[in-house]
Amino acid sequence: MPAALTATPAASRDMQLVGRALARDGDAFRTIIKTHNQRLYRIARGVVRNDSEAEDIVQEAYVSAFAHLEAFRGDASLATWLSRIVINEALGRLRKRRRMVAMPENPQAEIIRFPFNPSDDPERTMAQRQILELVERATDSLPDVYRIVFVARVIEGLSIEETAELLGVRPETIKTRLHRARALVRKALDDQIGPVLLDAFPFAGRRCERLTNAVMQRLGLSG
C-alpha cells in the first residue's frame, strides 16, 4: 500500500504545518517553534552541558531547518527531523570546543546551573529544586555517549525506537547505553536522595518565549 495512504494523523499535521510555513505563514513558524522548543533544548543541553550555548544551538538549528524546509518529506516526524539538525549542530560545537583544548577552561564553567525561575514554576519548593539540581549534576557527569541517550530516553521521554532513529544506531545499542547511563546516575544519587522524579531541564516561560521571538525575528516574521 502506498505510504501516502497510511500516513498517521501526526504525519499529516506535520506536513500541513510545513506547507503553511513554506507559504511564509508566521503562525505556522511560531507553532513549530513552541511545539519543539523543550525537546530540542534538552537534547542540545544534553550534548554541550551549557544553558546559553544550548539556546544558541537551538536557534541556529531552527534557522537552518527553516532555510531548508522544502527538504522535509515526512519520512520521519518533524520532531525527529528537527532533533537531528540540533544534534548535528551541537556535536559540531562540541568538536570545535575540543579542537580548542589547549586553551584554559573557565573554572566557573565546571558546574552550570540549569534555568529555574520561581515565577515559571511557583509550585516547586526549594527542596524539590535541590533534588533536581542533584539529578542535573549527575546527568552532566555522564560520558557523552551515555548522556545524550539518557536525556533523550529518560528525561525527554522518547521511545527506544525514536532514540535509535534520532541517533542513527540500533535499538539494541540504545538499550545497552541506557542501562549503563541509568546505572551511573543511580550510583551518583542513591546514597543522597534515593528514587526521584526526573522532571529536570525545564524550558518554559520567558526562556521559551525569548527563543521563539528571536527565531521569528531572524525569519523576518516578528510583529
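See the structure printed just above.
Please read all numbers here as calculations on a predicted model, not as lab measurements. (Residues numbered from 1 in each chain as written. Predicted model: local features only at pLDDT ≥ 70, side-chain atom pairs only at ≥ 80, totals over all residues. Heavy atoms only, no water.)

A. Spatial organisation of the overall build of the protein chain. Helix and strand counts for the protein chain stand at nine helices and zero strands. Its helices and strands taken in sequence order, the protein chain reads α-α-α-α-α-α-α-α-α from the N to the C terminus. Looking at the protein chain as a whole, 39% of its 223 residues qualify as buried. For the protein chain, the share of sequence-separated contacts (at least 6 apart) that also reach a separation of at least 24 residues comes to 74%. For the protein chain, the accessible area works out to roughly 12500 Å², and carbon and sulfur atoms hold 52% of it. (Helix = DSSP H or I, 4+ residues; strand = E, 2+ residues; numbered from the N terminus. Buried < 20%, exposed > 50% of the residue type's maximum accessible area, 1.4 Å probe, protein only. Contact = heavy atoms within 4.5 Å. Areas by Shrake-Rupley, 256 points an atom, 1.4 Å probe, with all protein chains shown as cover.)

B. Expanded view of the pattern of salt bridges. If you walk through the whole model with that rule in mind, you get 15 salt bridges. Its salt-bridge partner being Arg39, residue Glu156 comes within 3.7 Å of it at the nearest N-O pair. In this pair, Glu156 sits in the loop between α6 (144-155) and α7 (160-167) while Arg39 sits in helix α2 (residues 26-48), placing the two residues 117 residues apart along the sequence. For the residue pair Glu156 and Arg39, the accessibility class agrees, reading buried in each case. Linking Glu172 and Arg170 is a salt bridge whose minimum nitrogen-to-oxygen distance equals 3.6 Å. A residue is classified by how much of its surface remains accessible, and Arg170, at 56% relative accessible area, is exposed. The network of salt bridges with shared partners includes Arg30, Lys34 and Glu209. (Salt bridge = Lys/Arg side-chain N within 4 Å of Asp/Glu carboxyl O.)

C. Inspection of unusual backbone geometry at higher detail. Phi angles above zero are rare outside glycine, and Arg24 is one such case at about 65 degrees. Using a relative accessible area of 46% as the deciding quantity, one classes Arg24 as partly exposed.

D. A look at the nonpolar core. Among the nonpolar cores identified, the biggest contains 43 residues, and Tyr62, Phe66, Trp81 and Leu82 are the most heavily contacted of them. The element contributing the most residues to this core is α2, with ten residues. Aside from chain neighbours lying at most four places away, what touches Leu82 is Ile32, His36, Leu40, Tyr62 and Ala65. Membership of the second largest hydrophobic core comes to nine residues, among which are Val135, Ala181, Val185 and Leu189. (Core = buried A, V, L, I, M, F, W, Y, C linked by side-chain atoms within 4.5 Å.)

E. Spatial organisation of α7. Turning to α7, its buried residues number three or more, namely Ile160, Thr163, Ala164 and Leu166. Angular distribution of buried residues about the axis of α7 spans 160 degrees; they occupy a single face of the element. (Arc of directions from axis to C-beta.)

F. Focus on the packing of helix α1 (residues 9-22) against α2. It is the contact of α1 with α2, at a shortest axis distance of 7 Å, that shows an interaxial angle of 130 degrees. With respect to α2, the axis of α1 lies oblique. Of the two possible hands of crossing, α1 and α2 adopt the one that is left-handed. Contacts from Leu17, Arg20 and Ala21 of α1 reach α2 at Asp27, Ala28, Phe29, Thr31 and Ile32. Here the contact of α1 with α2 is built from residues that sort into five nonpolar, one polar and two charged. (Axes fitted to C-alpha atoms, helices over the stretch in contact; angles between N-to-C directions. Parallel < 35°, antiparallel > 145°, perpendicular 65-115°, else oblique. Left-handed = near helix turned anticlockwise from the far one by under 90°. Nonpolar A, V, L, I, M, F, W, Y, C, P; charged D, E, K, R; others polar.)

G. Inspection of the environment of Ala65 at higher detail. One can find Ala65 in helix α3 (residues 51-67). Overall, Ala65 belongs to the buried group, its relative accessible area being 0%. Sequence separation between Ala65 and Val86 is 21 residues, and the spatial gap between their C-alpha atoms is 9.3 Å. If we skip the residues at most four places from it in the chain, Ala65 touches Trp81, Leu82 and Ile85.

H. The arrangement of the packing of aromatic side chains in detail. Under the definition given, this model contains three aromatic pairs. Taking the centre distance of 5.8 Å and the plane angle of 10 degrees together, the rings of Tyr62 and Phe66 count as stacked. Here the residue Tyr62 and the residue Phe66 both occupy positions in helix α3, the gap between them amounting to four residues, near one helical turn. A single burial state applies to Tyr62 and to Phe66, both of which are buried. Here Phe72 and Trp81 contribute two aromatic rings whose centre-to-centre distance is 5.5 Å and whose plane-to-plane angle is 65 degrees, an arrangement assigned as edge-to-face. (Phe/Tyr/Trp six-rings, centres within 6.5 Å; stacked < 30°, edge-to-face > 60°.)

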